[in-house]
Amino acid sequence: MNTRPAATKITWLVGAAVFVVVAIVTALVIGPTSIDRTGTLLELFDAVTPGDIDSGLNERQISIVRNLRLPRIALGLLVGAALATAGATYQGVFQNPLADPYLLGVAAGGGLGATIAFIYDLGDGRGFLDMVQILAFIGALSSVALTWTIGVLGDRTRASTSLILAGVAVASFFTAIQTFLQQQDTDDLRQVYTWFLGGLNTSGWTEVLQLFPVAAICLTLLALAGRTLDILSVGDDEASMLGLSVGRTRIVLVVVASLLTAAAVAVSGLIAFVGLIVPHTVRLLFGSSYRVIVPMSIAVGAGFLVLSDLVARTALTPAELPIGVVTAFFGAPFFVVILRTASRT
Amino acid sequence: MKIRALVALLATICLFAAACGSDADSTVTGEATPETTADTVAEDVMEDEVPSEPSNEEPVETSTTVEEVADLRIVSVSPTATEMLFAIGAGELVVAVDSFSYFPEEAPVTDLSGFEPNVEAIAGFDPTLVVSSAPIEGLDVVGVENMVLPAAITIDDVYTQIEQLGAATGHVGEAAELVGQMQTDIAAVIDALPARETPLSYYHELDNTLYSVTSSTFIGEVYTMLGLVNAADAADPDGEFFGYPQLNEEFLVTADPDIIFLADTVCCEQTAETVAARPGWDQLQAVQNGNIVELNDDVVSRWGPRLVEFVEVAGAAVADVALVAAS
């Protein structure tokens, strides 16, 4: 697979970029409110260029495009890219096709953190470094740290397996505490429930600006780690023989992917399936080299989540669907289609 | 292969997007499902134990004799029922209430859970009657009567439940009096409302992720009574969300309701200021005109005697808007 010419890889990346642009434009011009589409695009153009363009939209429409639609799309791009890339990385690091960003307990830990914040009225999940976000972030990282600590106590020769099992144990434990706390204070059930289904509702650009630096750094690092992931995928012993410090590399990659996931989960809640199906789809379409999978996951994940969110906010307009429902509902059958298509070729 | 693969990928996504809709509905049923199920069960339970047709006009026959009343030991694991019991003077019969029954103050709050009632813990208070908003399984085994007063769907349900509690506790007179007083107070609020040619529209916020209620709910009925039109009705015309849809922010900004009622001041610390500070919300006339009403979550979500408070606060807000508009 790695023998494909570089030109092919460039074509793919261009294609992926086109996919993302199409997703952005589609999501921008479609919404529960009917706004002139040309005007909406002009407004986007005006926003990204220094000049002053009259889009012909009224003040409220401009506000909707700039304060509501654009930040939501931007957040979708970042969260989608983050979850898909973290998923691809976990799959590579653990050589486990079922690995997803929540493998090491991020979801349970993040969920516990968010639940604590909701129940003790520490925040509402919106805005810059809100306590719900902070505790979800801390909870997510703590669960990974705990999983790691327990996991490395296990069988050294089967490090991946014992880590995954530790992840299951930690997730169950954190979920138990989370459920216990949640049952104590049913007044906050709706908030907790909504958080668990995920959402890209924003307070303007706040969440986007908060996630951007972490996402940019982590995504860049992981995109550069494609070759390392390829070496890891031949097996621990072989990788060691090739001169890679397997243990250390694995820790670094897991830390980066977990940071990325935790930062995304903090602002968007738990969005299911993206981290599992996007890397797999990319792998089935474009081959098994992580030098392709990681960058393509960034693009496809970003575009996929923006389109999923488009469905979430328009399918039952003017009501909203939780985005986690959309990604699972459409993601699972989509994955089956891809799997069948790939097995025939 | 690669171009075709990309096209196929795009096409599949579009296909799924287009095919969505009715299928997706069934996956989200809102939070009202358990209540609805509880209703049906609850009605059966109540029919056996309580006179089924308490009426406001004629005094209801007492179903409990004086000696029985003296022996009554009530546990209420429904905050609304607790409020009702104390409002009809049956408070001295109440030996324990759940952890959320913190109104009125004299209610004997315990750490009993109304959400996940523990029969053994309830039985520990040696009650003769347990009032709850959903049937409690197992109470019959220990020989304790369970009166189920589910979440009200109409305002009449509130009056009926108060009368049922009156009948069960031997406080029929007080119950009838309370119902009469509530009806009088609510009618007074409605009568005092200035006449309007075009009705005002409103948005009732349950939390800051824009969950709302439609007119088909108990809360919605109150606003309808005050002559308001609900901006959220469009989001759940067929009751797919059981009257509790989550609104799209963009839709709400465009719908531009005249009044915003916040029922998330306690749960989610929302205020007129936090609402005004939301990006894009400066476009709303309710924000510009200061027509944001901060309600107490508990008062609004409970269907008890404090319903009058809710009606009065909401009515005052409606009157204010009408006055401003007239001047």
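Refer to the structure above for everything that follows.
If you're wondering where the values come from, they're calculated on a predicted model, not measured in any experiment.

Conventions we followed
- Residues numbered from 1 in each chain as written.
- Chains lettered and ligands numbered in written order.
- Predicted model: local features only at pLDDT ≥ 70, side-chain atom pairs only at ≥ 80, totals over all residues.
- Helix = DSSP H or I, 4+ residues; strand = E, 2+ residues; numbered from the N terminus.
- Rg over C-alpha atoms; globule rule 2.2 N^0.38 Å.
- Buried ≥ 20, exposed ≤ 12 C-beta atoms within 10 Å, placed from the backbone.
- Contact = placed C-beta atoms within 7 Å.
- Arc of directions from axis to C-beta.
- Nonpolar A, V, L, I, M, F, W, Y, C, P; charged D, E, K, R; others polar.

Moving on: the overall build of chain A. Looking only at helices and strands, chain A features 14 helices and 0 strands. Shown N-terminal to C-terminal, the secondary structure of chain A runs as helices and strands in the order α-α-α-α-α-α-α-α-α-α-α-α-α-α. In summary, chain A has a C-alpha radius of gyration of 20 Å against a globular reference of 20 Å for 345 residues, a match within 12%. Oriented by its inertia axes, the alpha-carbon framework of chain A measures out at about 65 × 60 × 40 Å. Per-residue burial over chain A gives 57% buried out of 345 residues. Across chain A, contacts joining residues at least 24 apart in sequence account for 74% of those joining residues at least 6 apart.

Turning next to helix α9 (residues 218-225) of chain B. All names here are of chain B. The set of residues buried in α9 consists of Ile-219, Gly-220, Val-222 and Tyr-223. Down the axis, α9 shows its buried residues gathered within 155° of arc, on one side only. Just downstream of α9 lies Gly-227, where phi reads positive at about 80°.

On to the environment of B:Phe261. Residue and element names in this part refer to chain B. As for its placement among the helices and strands, Phe-261 is situated in strand β7 (residues 259-262). Overall, Phe-261 belongs to the buried group, with 28 C-beta atoms counted inside 10 Å. The spacing of Phe-261 and Gln-285 is 24 residues in sequence and 14 Å in space, taken between C-alpha atoms. Residue contacts for Phe-261: discarding those within four places in its chain leaves Tyr-202, His-204, Glu-205, Val-293, Leu-295 and Ala-314.

Within the secondary structure, B:Ala234 is located in the loop between β6 (229-230) and α10 (249-255). Taking the C-alpha atoms as reference, B:Ala234 lies 43 Å from B:Ile122; in sequence the two are 112 residues apart.

So, about the interface of chain B and chain A. Listed by partner, the interface residues are 44 residues for chain B and 46 residues for chain A. Put simply, the parts of the chain that give the side of chain B that touches chain A at least two residues each are α1 (2-19), α2 (22-25) and α10 of chain B. Tallying contributions element by element places α1(B) first for the side of chain B that touches chain A, with 10 residues. Taken together, the residues of the side of chain B that touches chain A break down into 24 nonpolar, 10 polar and 10 charged.

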